[in-house]
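# Structural description and commentary
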Amino acid sequence: MIAPSRGWWSVNLGELWAYRELIYFLTWRDIKVRYKQTAIGVAWAILQPLAMMVVFTIFFGRLARVPSDGVPYPLFAYVGLLPWQLFSRTITESTNSLVTDQRLITRVYFPRVIVPIAATMAAVVDFLVASALLGGLMTYYRVVPGATVLWLPVFVLLMLVTALGVGFWLSALNVEYRDVAYAVPFLNQFWLFLTPVVYPTSVVPEAWRVLYGLNPMVGVVEGFRWALLGVGQGPSPAVAGSAVVAVLLFASGLVWFRRRERTFVDAIGSGGR
Amino acid sequence: MSDIAIRAEGLGKRYRIGHALRYKALRDSLADVFTAPLRRFRARGRPDGAVQDAEEATIWALKDVSFEIPVGAVVGIIGRNGAGKSTLLKVLSRITEPTEGRAEIRGRVGSLLEVGTGFHPELTGRENVYLNGAILGMRRREIERKFDEIVAFAEVERFIDTPVKYYSSGMYLRLGFSVAAHLEPEILLIDEVLAVGDAAFQRKCLDKMDSVAREGRTVAFVTHNLGALRQLCPETLWVDRGRIALRGGTAQVVQAYLEAAQARRAEFVAESRQRGRTEAVVLRRVAVTDRGGAIVEAVASEEDVYVRIEYEVAAAIASARVGLRLHAGDGTLVFTSNDTDPSGEGVPRSPGIYASVCTIPGNLLNEGQYYVTVACDRPMQEIVFVQEHVVAFSVYVGGGVGGAVRDGRRGVVRPPLQWTVRSLAEDGGKLRAASAMDVGG
């Protein structure tokens, strides 16, 4: 049945499930292509957060003496960098995903939302690879996670919901406004400052915490540190706020995306024919 | 009712043209916020009080399109460029939504709007088969099962683990087509995939499509290749200006289509901006002329006739060729020729305005009506533009071959051929005039 769709609630999850293999193949393609021509391949997924950890440790940990809640600064920074890198990569990749795959989109039908999802999944693979190094770091610093680690899946989920939500918004907007692609690098840096990656939440004044928590990445990074290192507050009003915002972003992003996707092809153009 | 595969009711698709066609910059939208009230205010001053630009900037690529295609039917779709054929296929394959109307499709749809969609140059042939298969809607298990068959059909066994960026364009196309050909949809929508590739490849595609059709699948096939159309499709839809102009037996529809084309002149001048397209090469004008450059609508059979194709290379293009196809009045393709012949390869073109002129020598064409299709492509890769039956001219018998007898000889061509006539009598008698060699009439 083909007809002009109406209404806001045309999110068809059953269809998405039917196309799950395509998500897999597009993710696989992104990873394969990304590392195919590099000399060290997937090692980049470790090298990037590792290099940032070193830089942060030197400048923020040693020189600026930023507190790290009693945890060795490199470990503190790395646990923050893991989810941050996933988030940052997701928003960069998904923003351009629809435009990059325009030939695909203008030639074949499939739920378009698969494209930013696959971009996110490719970042998840990097995240998993980079997580391996975390195990090494924790062994080195002899940090054993407590029972709080059982919460980790919840925060991983929160991370994915946040990344996907922002990815849906940015990718859909970028089809119509190519300005978005130019704004994203800036957004990325700006957002990093608003997220407790290089510093602990404890430096933020109590009165500002709830407002601060409206940045869903605050809840994610806080949650990761609490679950893995046992520092910070764990499930707190700020984290709950982050979760609510993340779910709202995700739901609104998905609905907005599905609503706009019917005009993507018309907005992108026929891609050469 | 269940024997209908595709039913379209009042399908319409409206496009915005002009600056809104490509994409908006944020600044435009911001500017709109400020200027829209002003425009409305100004509009109030006009007698009709209408806000004009909203109306002006749209075009109906499809309008009131209704038809049914029964299960198992193989239907051709023809029409001039920009008539709405491709839009129709895009709507039916759900790539773009109709603005109005609806279509019902029963069965798994495979749409083949391009060969090798989603192929990634860095990936190997094997990897691309899986990727492309998944994109076209195949399950992984299904691809695994058919993998060997796909590779064998494409004849790329030896290179299956080589990245496709090292493939020749022929191999690339064969592999792309092969994946698509092994898709087993109940309904297959195909857009002009045969316009690329060499003759052997086209032959193979046609045979495959023929066998698909024989298996009882429903096929809708957009094409400019009237020969393929006749061979494959018993029935044809002719789309003109977004509407269905005629539907019926292929022979009848093709004839009507060509007769409509006949109204066209020996000169064609492109509209200044065709729907805001931004191809690298843009057609400007096509004319049929005589030696002196004057436009002619009828030429004597012994005279040379020139087809002049004027185009603008808007952006440098690494490989392109401009060519023409000459069709006889009944749709028979007489020949295809390119401005890079004899090699026929694409050559680099730098920006500027050019004219490629093809000389069709005298004493080649027989009397009758001829239609010229002009095109520019990147060989084996992409069609930059095609204008079907864009100009027409007629040939009458002058003083050339057979000019003295006017016997209405048959055939598409009327070439002056070498003959020798010798008496086989022993005395080696004199030559006898033998004018009635042609068993014509």
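Residues numbered from 1 in each chain as written. Chains lettered and ligands numbered in written order. Predicted model: local features only at pLDDT ≥ 70, side-chain atom pairs only at ≥ 80, totals over all residues. Heavy atoms only, no water.

### Looking at the sheet that holds strand S11 (residues 281–289) of chain B
Residue and element names in this part refer to chain B. Where we set the bar: Strand pairing requires that DSSP identify at least two bridges connecting the strands. Numbering goes from the N terminus for both helices and strands, where a helix is a DSSP run of H or I of at least four residues and a strand is a run of E of at least two. Structural elements are reduced to axes, namely lines fitted to C-alpha atoms, with helices fitted over the stretch in contact, and the angle between N-to-C directions of any two is expressed from 0 to 180 degrees.
If you trace the 4 strands from one edge of the open sheet to the other, you get S10-S11-S13-S17, paired in antiparallel fashion. Each edge of the open sheet carries a strand with a single partner, namely strand S10 (267–269) and strand S17 (352–360). Across the sheet, the mean angle separating the axes of adjacent strands is 20° when strand polarity is ignored.

### Structural notes on the pairing of strand S9 (residues 243–249) of chain B
All names here are of chain B. Across 6 bridges, the pairing between strand S8 (residues 235–240) and S9 is antiparallel. Bridging across to S9, Glu235 finds its partner in Gly249. Hairpin geometry of S8 and S9 is characterised by an intervening segment of 2 residues between the two adjacent antiparallel strands and by a positive phi of about 50° at Arg241.

### Looking at the sheet that holds strand S2 (residues 58–70) of chain B
All names here are of chain B. Convention followed: The contact definition used throughout considers only heavy atoms, calling two residues in contact when any of these lie within 4.5 Å.
With antiparallel pairing, the 3 strands of this open sheet are ordered in space as S2-S1-S4. Among the strands making up the open sheet, the edge pair consists of S2 and strand S4 (100–105). Put simply, the sheet's adjacent strands are angled 15° from each other on average, direction ignored. Direction of pairing for strand S1 (residues 4–16) relative to S4: antiparallel, over a ladder of 5 bridges. Residue pairing for S4: Ala8 is matched across the bridge by Ala103. The sheet strands contacting helix H3 (residues 85–92) are S1, S2 and S4, and the helix crosses S2 at an angle near 65°.

### A short note on the side chain of Ser178(B)
All names here are of chain B. Under the convention used in this document: Remark: exposure states derive from per-residue accessible area (1.4 Å probe, protein chains only) relative to the maximum for the residue type, with buried under 20%, exposed over 50%, and partly exposed in between. Polar contacts, as counted here, are pairs of nitrogen or oxygen atoms within 3.5 Å of one another; within protein the pair requires one atom able to donate a hydrogen and one able to accept it, and residues that are adjacent in sequence qualify only if both atoms are side-chain atoms.
Structurally, the position occupied by Ser178 is in helix H6 (residues 169–181). In this structure Ser178 comes out as buried when scored by relative accessible area, which is 0%. Here Ile150 takes part through its backbone oxygen, which lies 2.6 Å from a polar atom of the side chain of Ser178. Those residues within four positions of Ser178 in sequence are excluded, and the remaining contacts are Ile150, Phe153 and Ala154.

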